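Report on the structure
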Amino acid sequence: MNENEQEQSGIGMDEERERRVLHADNLEQLALLFGSLDENIETVAQRTGARIGSVGTEITVTGTREQADLACTVLEKLIAIVQRRFDGEEIGDDPDEEI
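Residues numbered from 1 in each chain as written. Predicted model: local features only at pLDDT ≥ 70, side-chain atom pairs only at ≥ 80, totals over all residues. Heavy atoms only, no water.

1. Digging into helix α2 (residues 27-34)
Inspection of α2 places Gln29, Leu30, Leu33 and Phe34 among the buried residues, and these make up the whole buried set. When α2 is viewed along its axis, its buried side chains cluster within an angular range of 130° and face the same direction. Against α3 (39-48), β2 (51-55), β3 (58-63) and α4 (65-86) lie the buried residues of α2. The opening residue of α2 is Asn26, an N-cap whose side-chain oxygen sits 3.1 Å from the backbone nitrogen of Glu28. Looking one or two residues past α2, Gly35 carries a phi angle of roughly 85°, positive in sign. (Buried < 20%, exposed > 50% of the residue type's maximum accessible area, 1.4 Å probe, protein only. Helix = DSSP H or I, 4+ residues; strand = E, 2+ residues; numbered from the N terminus. Arc of directions from axis to C-beta. Contact = heavy atoms within 4.5 Å. Polar contact = N/O pair within 3.5 Å; in protein donor to acceptor, adjacent residues only side chain to side chain.)

Now the structure itself:
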């Protein structure tokens with residue numbers, strides 16, 4: 001990553017990047033998590049400043065510690081919601097449920 005790319009990503013020259021790996025149970029869940037044309041993942045990446053990608057069912061999150069922490073927290077909650085949907089639970093019925 002060059003200096004200009006670091007500035008655009010919100011990562012300073014002195015900030016160390018972290019790489020985290022999350023997992024979806026299967027490709028169907030991953031497709032639901034990413035959304036149509038990857039719009040869900042792009043939104044999470046834009047809002048957190050992290051870079052998010054996947055290979056198979058492995059989801060890679062890269063960014064500063066703060067960016068990676070925030071992105072992983074959001075993704076873990078979304079993964080749990082997707083898994084519950086695959087388990088047949090109704091999603092969105094609990095008004096106290098936080099994402």
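2. A closer look at the environment of Ala31
Along the polypeptide, Ala31 turns up in helix α2. As a C-alpha pair, Ala31 and Val82 span 51 residues in sequence and 9.9 Å in three-dimensional space.

3. A look at the packing of α2 against α4
For the pair α2 and α4, interaxial distance at closest approach is 10 Å and the crossing angle is 125°. Between α2 and α4, the crossing angle belongs to the class labelled oblique. Here α2 runs over α4; the crossing is right-handed. Facing α2, whose interface residues are Glu28, Gln29, Leu32 and Leu33, α4 presents Leu78, Ile79, Val82, Gln83, Arg85 and Phe86. Partitioning the contact of α2 with α4 into residue classes produces six nonpolar, two polar and two charged. (Axes fitted to C-alpha atoms, helices over the stretch in contact; angles between N-to-C directions. Parallel < 35°, antiparallel > 145°, perpendicular 65-115°, else oblique. Left-handed = near helix turned anticlockwise from the far one by under 90°. Nonpolar A, V, L, I, M, F, W, Y, C, P; charged D, E, K, R; others polar.)

4. Quick word on the side chain of Thr62
Tracing the backbone through its elements, the reader meets Thr62 in strand β3. The contacts of Thr62, once residues within four sequence positions are left out, are Arg17, Glu18, Arg19, Ala50 and Arg51.

5. Comments concerning unusual backbone geometry
One can expect most non-glycine residues to show negative phi and most peptide bonds to be in trans. Of note, the phi angle at Leu37 is positive, near 55°, even though the residue is not glycine. Looking at the element boundaries, Leu37 is found in the loop between α2 and α3. Phi at Asp38 is positive, roughly 60°, even though this residue is not glycine. Among the structural elements, Asp38 can be located in the loop between α2 and α3.

6. Quick look at the sheet that holds β3
With respect to topology, three strands assemble into an open sheet ordered β1-β3-β2, the strand pairing being antiparallel. Edge positions in the sheet fall to β1 (18-23) and β2, since each has one partner strand and no second. Strand-to-strand twist of the sheet, defined as the mean angle between neighbouring strand axes without regard to direction, takes the value 25°. Two elements, β1 and β3, share six bridges in a ladder whose sense is antiparallel. Within β3, the position partnered with Arg20 by the bridge is Val61. Here α4 sits on the sheet and contacts β1, β2 and β3; the angle it forms with β1, its principal contact strand, is near 5°. (Pairing = 2+ DSSP bridges.)

That is the geometry; function is a separate question.
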